[in-house]
Amino acid sequence: MKYVLVSLPLAAFSLPAYTDVVASSSSHYTLRHEAVSSLAPDALWNRLVHPESWWSPVHSYSGDAANLSLDPRAGGLWEEEWDGGSVAHGTVLYVKQGEQLRLAAPFGPLQSMAVDVVWTITITPEGTGSKVVFDEVANGSGASNLDKIAGAVDGVKGEAINRLVTVD
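Since the structure is predicted, the reported quantities are computational estimates derived from the model, not experimental observations.

## Points about the nonpolar core
Logical step 1: Membership of the largest hydrophobic core comes to 27 residues, with the highest contact counts inside it found for Trp54, Trp78, Leu103, Trp119, Val132 and Phe134.
Logical step 2: The set of elements that each furnish at least two residues to this core consists of helix H1 (41-48), strand S4 (68-70), strand S7 (100-104), strand S8 (116-126), strand S9 (129-139) and helix H2 (146-165).
Logical step 3: Here this core gets four residues from one element, more than from any other, and that element is H2.
Logical step 4: Ranked by size, the runner-up nonpolar core spans ten residues in total, among them Leu110, Ala138, Leu146 and Val153.

Shown next as structure tokens:
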């Protein structure tokens, strides 16, 4: 279990984000991340569906988060397009406007490992702000090192949740 300090500049307080690799084996991992934002649920949802505003450019193919987009409807894509290339990071499986987004999302090296990844993002009211939870489950019958990559994915998603809830 890890706790990461999340600074909320517009709030009068900071709360730790909870991040954890819940389970892992050579062919499976489960991650869970939780954080609180000073943004109301509708505002946090609007931020969520614009990953170019919060996703780290370091964890993109192009090095520029402005190249990211998300079409928040079933079958829509979380994609990245740049001069000379593009990648579908995830396909939207389920949307409950303002509350939950679920993607089939084998980001980065997981695509080449032929791993199935389901990432569920849930937003609920928390005081005057919001609580957001990232749940991610990965399975790959042909994969032999998901337990080794789980920590790295956990780090990326931990950074992502912190960037999502932190408002400038």
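## Regarding the packing of aromatic side chains
Logical step 1: Evaluated as defined, the whole model comprises ten aromatic pairs.
Logical step 2: Note on Trp55 and Trp78: the rings are 5.5 Å apart at their centroids and 80° apart in plane angle, and the pair reads as edge-to-face. Residue Trp55 is located in the loop between H1 and S4, and its partner Trp78 is located in strand S5 (residues 77-82); the two are separated by 23 residues in the primary sequence.
Logical step 3: Taken together, Trp54, Trp55, Trp78, Phe107, Trp119 and Phe134 form an aromatic cluster joined through their ring pairs.
Logical step 4: One residue, Lys157, lies across the ring of Phe107, its end atom 5.1 Å from the ring centre.
Logical step 5: Its guanidinium or amino end placed over the ring of Trp119, Lys157 lies 3.9 Å from that ring's centre, counting from NZ or CZ.

## Quick word on H2
Logical step 1: Here H2 spans 27 Å end to end across 20 residues, near enough to the 28 Å set by a 1.5 Å rise per residue.
Logical step 2: For H2, the set of buried residues is Leu146, Ile149, Ala150, Val153, Asp154, Lys157, Gly158, Ala160, Ile161, Asn162, Leu164 and Val165.

## Some remarks on the pairing of S7
Logical step 1: Strand direction decides the pairing type here: strand S6 (residues 85-96) and S7, joined by five bridges, are antiparallel. Among the inter-strand pairings, Tyr94 is bridged to a residue of S7, identified as Arg102.
Logical step 2: Hairpin connection of S6 to S7: three residues between the antiparallel strands, including Gly98 at a positive phi of 80°.

## Some words on the pairing of S9
Logical step 1: With ten bridges connecting them, strand S3 (residues 28-37) and S9 associate as antiparallel partners. Pairing of Tyr29 across the sheet is with Ala138, part of S9.
Logical step 2: Pairing geometry for S8 and S9, over eleven bridges, is antiparallel. Paired with Thr120 across the bridge in S9 is Asp135.

## Some details on H1
Logical step 1: By the burial criterion, the buried members of H1 are Leu44, Trp45, Arg47 and Leu48. Projected onto a plane normal to the axis of H1, the buried residues spread over an arc of 160° and lie on a single side.

Scoring rules and cut-offs
Residues numbered from 1 in each chain as written. Predicted model: local features only at pLDDT ≥ 70, side-chain atom pairs only at ≥ 80, totals over all residues. Heavy atoms only, no water. Core = buried A, V, L, I, M, F, W, Y, C linked by side-chain atoms within 4.5 Å. Buried < 20%, exposed > 50% of the residue type's maximum accessible area, 1.4 Å probe, protein only. Helix = DSSP H or I, 4+ residues; strand = E, 2+ residues; numbered from the N terminus. Phe/Tyr/Trp six-rings, centres within 6.5 Å; stacked < 30°, edge-to-face > 60°. Lys NZ or Arg CZ within 6 Å of the ring centre and 35° of its normal. Expected span 1.5 Å × (residues − 1). Pairing = 2+ DSSP bridges. Arc of directions from axis to C-beta.

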